[in-house]
Amino acid sequence: MSPTLTPPLTPKMAGVVERMARAHQAPYYTLSPAEAKAAYEKGAGVLEVPKPALARIEDFRIPARDGHPMPARLYAPSEDKVPLLLFFHGGGFTVGSIATHDTLCRVLSRKSGCAVVSVDYRLAPAHKFPTASNDAWDALQYMASEAGGLGLDGSRFALGGDSAGGTLAAVCAILARDAGLPVALQMLFYPGTTAHQDTPSHRRFAKGPLLDEALISWFFSQYVNTRADREDWRFAPLNAEDVEGVAPAWIGLAECDPVVDEGIAYADKLRAAGVPVSLEIYRGVIHEFVKMGRAIPEALQAQADAARALQEALQP
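Remember, predicted model here, so these are calculated numbers, not experimental data.

Asks: Give a detailed account of the pattern of salt bridges, specifying residues and quantitative values.
Replies: One pass over the structure, following the stated rule, counts 19 salt bridges. In this structure, the salt-bridge partner of Asp102 is Lys51, at a minimum N-O distance of 2.8 Å. Here Asp102 is found in helix α3 (residues 102–112), whereas its partner Lys51 is found in the loop between α2 (33–43) and β1 (56–63), with 51 residues between them in sequence. Close ionic contact of Asp178 with Arg177 constitutes a salt bridge, the shortest N to O distance being 2.6 Å. On the basis of relative accessibility, which here comes to 53%, the residue Asp178 falls in the exposed class. By sharing partners, the salt bridges in this structure join Lys51, Asp59, Arg73, Asp102 and Arg106 into a single network.

Asks: Give a description of helix α4 (residues 131–146) that names residues and reports values.
Replies: In this model, α4 (16 residues) spans 22 Å end to end at C-alpha, consistent with the 22 Å of a helix rising 1.5 Å per residue. Restricting attention to buried positions, one finds in α4 the residues Thr131, Ala132, Ser133, Asn134, Asp135, Ala136, Trp137, Asp138, Ala139, Leu140 and Met143.

Asks: I'd love a proper account of the packing of α3 against helix α10 (residues 297–314), names of residues and values included.
Replies: Relative to each other, α3 and α10 sit at 50 degrees, their axes nearing to 8 Å. With respect to α10, the axis of α3 lies oblique. Relative to α10, the crossing made by α3 is right-handed. Contacts from Leu104, Val107, Leu108, Lys111 and Ser112 of α3 reach α10 at Gln303, Ala304, Ala306, Ala307, Leu310 and Gln311.

Asks: Account for the sheet that holds strand β4 (residues 115–119), naming residues and giving values.
Replies: Ordered by their spatial adjacency, eight strands build an open sheet running β1-β2-β4-β3-β5-β6-β7-β8, and the pairing between neighbours is mixed. Each edge of the open sheet carries a strand with a single partner, namely β1 and β8 (277–286). The average angle at which neighbouring strand axes cross in this sheet is 20 degrees, direction not considered. In this structure, strand β2 (residues 69–76) lies alongside β4, joined through four bridges in antiparallel fashion. Residue pairing across strands places Ala72 opposite Val119, the latter belonging to β4. Against the sheet, α4 makes contact with β1, β2, β3 (84–88), β4 and β5 (157–162), and its axis sits at roughly 115 degrees relative to β1, the strand it touches most.

Asks: Before we move on, can you summarise the nonpolar core with the specific residues and values?
Replies: In terms of nonpolar packing, the biggest core is built from 109 residues, with Leu86, Phe88, Val117, Met143, Leu152, Leu159 and Met187 touching the most fellow members. The residues touching Leu159, leaving out its near neighbours within four places in the chain, are Leu85, Leu86, Phe88, Leu140, Ala169, Cys172, Ala173, Val183, Leu185, Gln186 and Met187.

Asks: Lay out the packing of aromatic side chains in plain terms, naming residues and giving numbers.
Replies: Within this structure, the stated rule accounts for twelve aromatic pairs. Here Phe189 and Trp250 contribute two aromatic rings whose centre-to-centre distance is 5.3 Å and whose plane-to-plane angle is 75 degrees, an arrangement assigned as edge-to-face. Of this pair, Phe189 sits in strand β6 (residues 185–189) while Trp250 sits in strand β7 (residues 249–256), and the two are 61 residues apart along the sequence. Among the residues examined, Phe189 registers a relative accessible area of 0% and is labelled buried.

Asks: Quick one: what's the story with the packing of α4 against helix α5 (residues 164–179), residue by residue and with numbers?
Replies: For any two helices packed against each other, one specifies the crossing angle of their axes together with the interaxial distance. Between α4 and α5, whose axes approach to 9 Å, the crossing angle comes to 55 degrees. In terms of axis orientation, α4 runs oblique to α5. Taken as a pair, α4 and α5 cross one another with a handedness that is right-handed. On α5, the residues touching Ala132, Ser133, Ala136, Trp137 and Leu140 of α4 are Leu168, Val171, Cys172, Leu175, Ala176 and Ala179.

Asks: Outline the pairing of β6, listing residues and values.
Replies: With five of its five residues buried, β6 lies for the most part within the structure. Burial along β6 is two-sided: Leu185, Met187 and Phe189 and Gln186 and Leu188, pointing in opposite directions, are all buried. Bridge count between β5 and β6: five bridges; the pairing is parallel. Each bridged residue has a counterpart across the sheet, and for Gly161 the counterpart in β6 is Leu188. Pairing of β6 with β7, which is carried by four bridges, proceeds in the parallel orientation. Of the residues in β7, the one forming a bridge with Leu188 is Ile251.

Asks: Lay out α5 in plain terms, naming residues and giving numbers.
Replies: For an α-helix, the turn length of 3.6 residues means that residues three or four places apart are oriented alike. In this model, α5 (16 residues) spans 23 Å end to end at C-alpha, consistent with the 22 Å of a helix rising 1.5 Å per residue. In the stretch just after α5, Gly180 is the one whose phi turns positive, near 75 degrees.

Asks: Any chance you could break down the environment of Trp250 for me, citing the residues and the numbers?
Replies: According to the relative accessible area criterion, Trp250 is buried, its value standing at 3%. Taking the C-alpha atoms as reference points, Trp250 and Asp198, 52 residues apart in sequence, are found 24 Å from one another. Among all residues touching Trp250, those that are not within four sequence positions of it are Leu185, Gln186, Met187, Leu188, Phe189, Ser278, Glu280, Tyr282, Ala302, Asp305, Ala306 and Ala309.

The rules behind each value
- Residues numbered from 1 in each chain as written.
- Predicted model: local features only at pLDDT ≥ 70, side-chain atom pairs only at ≥ 80, totals over all residues.
- Heavy atoms only, no water.
- Salt bridge = Lys/Arg side-chain N within 4 Å of Asp/Glu carboxyl O.
- Helix = DSSP H or I, 4+ residues; strand = E, 2+ residues; numbered from the N terminus.
- Buried < 20%, exposed > 50% of the residue type's maximum accessible area, 1.4 Å probe, protein only.
- Expected span 1.5 Å × (residues − 1).
- Axes fitted to C-alpha atoms, helices over the stretch in contact; angles between N-to-C directions.
- Parallel < 35°, antiparallel > 145°, perpendicular 65-115°, else oblique.
- Left-handed = near helix turned anticlockwise from the far one by under 90°.
- Contact = heavy atoms within 4.5 Å.
- Pairing = 2+ DSSP bridges.
- Core = buried A, V, L, I, M, F, W, Y, C linked by side-chain atoms within 4.5 Å.
- Phe/Tyr/Trp six-rings, centres within 6.5 Å; stacked < 30°, edge-to-face > 60°.

Written out as structure tokens, the structure is:
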């Protein structure tokens, strides 16, 4: 896995990629979904910053439409009635959990001054499309009505996520617009937005590093069954007919990432519909970089930028 890419990786990013290659971890697509989930859980915190302490960390459950109790975790920097970010973790709809994104959610809460609620939506292949987007929407509706009972200010609300979680946040922003639920911001780290992996960046980074064509295809084969599923805007928000009036967006992308082009395309789609968008492209870094704050300064920058966008959007 060579770090000599066009565009090039930063020296620190190249060093991380080299260490990953030397570790000779089996690619997730050679494992069973359960094994891949366990491997991701095991490695998720290796490059994270130390976990910030917070005044409130509480586990609770959110009922899905079929009665399934979704695990959720509330992070808050104080006991005050603070605004709320509803966060969906990444992992190709197949891996990832509250635990794998615990540090990132703590950092966002500490830096922004808002509460973060992280949701364990159901994963593929046990739960196929559109279960993840249905669970995400059910979580949003629940939190919009029940935030006060958790001591939060439900009138100031943001959505966020990374990768597949960014897809879910973008979908929920559209559903919230349709339902008349006010959302102050959609905070999207390198979201997937397209139906097919056919952009120039997908071709440019087909061999990775980290996220490559084989892994993306494997993730999506766990989650979507048919071409119709892929074309559905709840899988590919770029296919949404109308995004006028959705929440303003902060979008943070990695330059050396298969999904960078579709992130830019989604920012363009939102802007064309009159939606305010702040787009940041972090140079020389790869997918998942925002969870590498111990090794990659761009991760710390992205965390600070996203937290500032949250703070500005959610201020009274």
